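Architecture at a glance
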Amino acid sequence: MVTKQFKGSPADADLRRADSLAREIFSDVANKWALLIIEALGERTLRFSELRDEVEGISHKMLTQNLRTLERNGLVERTVHPTVPPRVEYTLTEPGQALRETVHTMCDWTHRYLGHIEESRRRFAT
């Protein structure tokens with residue numbers, strides 16, 4: 001087996017790693033469920049069932065998968081309380097809150113340019 005050697009400066013290697021990580025994280029959070037979960041959590045803590053009720057249409061399986069991914073990326077914190085049955089709560093971490101603010105900025109951009117986007121789409125469709 002041959003291993004490719006990276007040729008370049010350590011700074012270039014760090015940039016490549018950062019770019020690769022960014023693409024991976026974007027892939028993890030750039031889906032409708034993850035964004036809806038982040039929005040639903042907002043600045044509060046919710047139990048799994050409360051979160052499922054907040055995110056209309058999400059299945060138990062999809063909520064579980066997305067929460068695990070968000071937790072793995074450090075965007076959501078999961079707290080298990082030692083009760084019977086166990087009580088599990090989810091809250092956004094500081095990076096999760098920052099991502100939520102970024103999503104809000106993207107939504108604001110969409111509202112600001114909605115007319116322009118719709119007009120462009122109409123022109124493209126003809």
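The structure under discussion appears in the preceding block.
Residues numbered from 1 in each chain as written. Predicted model: local features only at pLDDT ≥ 70, side-chain atom pairs only at ≥ 80, totals over all residues. Heavy atoms only, no water.

**Details of the pairing of strand 2 (residues 76-81)**
- The pairing of strand 2 with strand 3 (residues 87-92) spans six bridges and is antiparallel. For Arg 78, the partnering residue across the bridge sits in strand 3 and is Tyr 90. (Pairing = 2+ DSSP bridges. Helix = DSSP H or I, 4+ residues; strand = E, 2+ residues; numbered from the N terminus.)

**Here we look at the sheet that holds strand 2**
- Read from one edge to the other, the open sheet built from three strands follows the order 1-3-2, with strand pairing classed as antiparallel. In this open sheet, the two edge strands, each paired with only one partner strand, are strand 1 (46-47) and strand 2.
- Those strands touched by helix 2 (residues 32-41) are strand 1, strand 2 and strand 3, and its axis lies near 95° from that of strand 3. (Contact = heavy atoms within 4.5 Å. Axes fitted to C-alpha atoms, helices over the stretch in contact; angles between N-to-C directions.)

**A few points about the nonpolar core**
- The biggest cluster of nonpolar side chains holds 20 residues, and the ones touching the most others in it are Ile 37, Leu 41, Leu 51, Leu 67 and Leu 70.
- Within the residue set of this core, elements represented by two or more residues are helix 2, helix 3 (48-54), helix 4 (60-72) and strand 3.
- Counting residues per element, this core draws most heavily on helix 2, which supplies six residues.
- Aside from chain neighbours lying at most four places away, what touches Leu 70 is Val 29, Ala 34, Ile 37, Ile 38, Leu 75 and Val 76. (Core = buried A, V, L, I, M, F, W, Y, C linked by side-chain atoms within 4.5 Å. Buried < 20%, exposed > 50% of the residue type's maximum accessible area, 1.4 Å probe, protein only.)

**A short note on the pattern of salt bridges**
- Per the stated rule, a full pass over the model turns up seven salt bridges.
- Close ionic contact of Glu 24 with Arg 72 constitutes a salt bridge, the shortest N to O distance being 3.4 Å. Placement of Glu 24 in helix 1 (residues 10-29) and of Arg 72 in helix 4 is noted, with a sequence separation of 48 residues between them.
- The class of Glu 24 is partly exposed, set by a relative accessible area of 37%.
- Overall, Arg 72 belongs to the exposed group, its relative accessible area being 57%.
- Between Arg 123 and Glu 119 there is a salt bridge, with the nearest N and O atoms lying 3.8 Å from each other. Of this pair, Arg 123 and Glu 119 both sit in helix 5 (residues 94-125), separated by four residues, roughly a single helical turn.
- A single salt-bridge network, built from bridges that share partners, covers Glu 24, Asp 28 and Arg 72. (Salt bridge = Lys/Arg side-chain N within 4 Å of Asp/Glu carboxyl O.)

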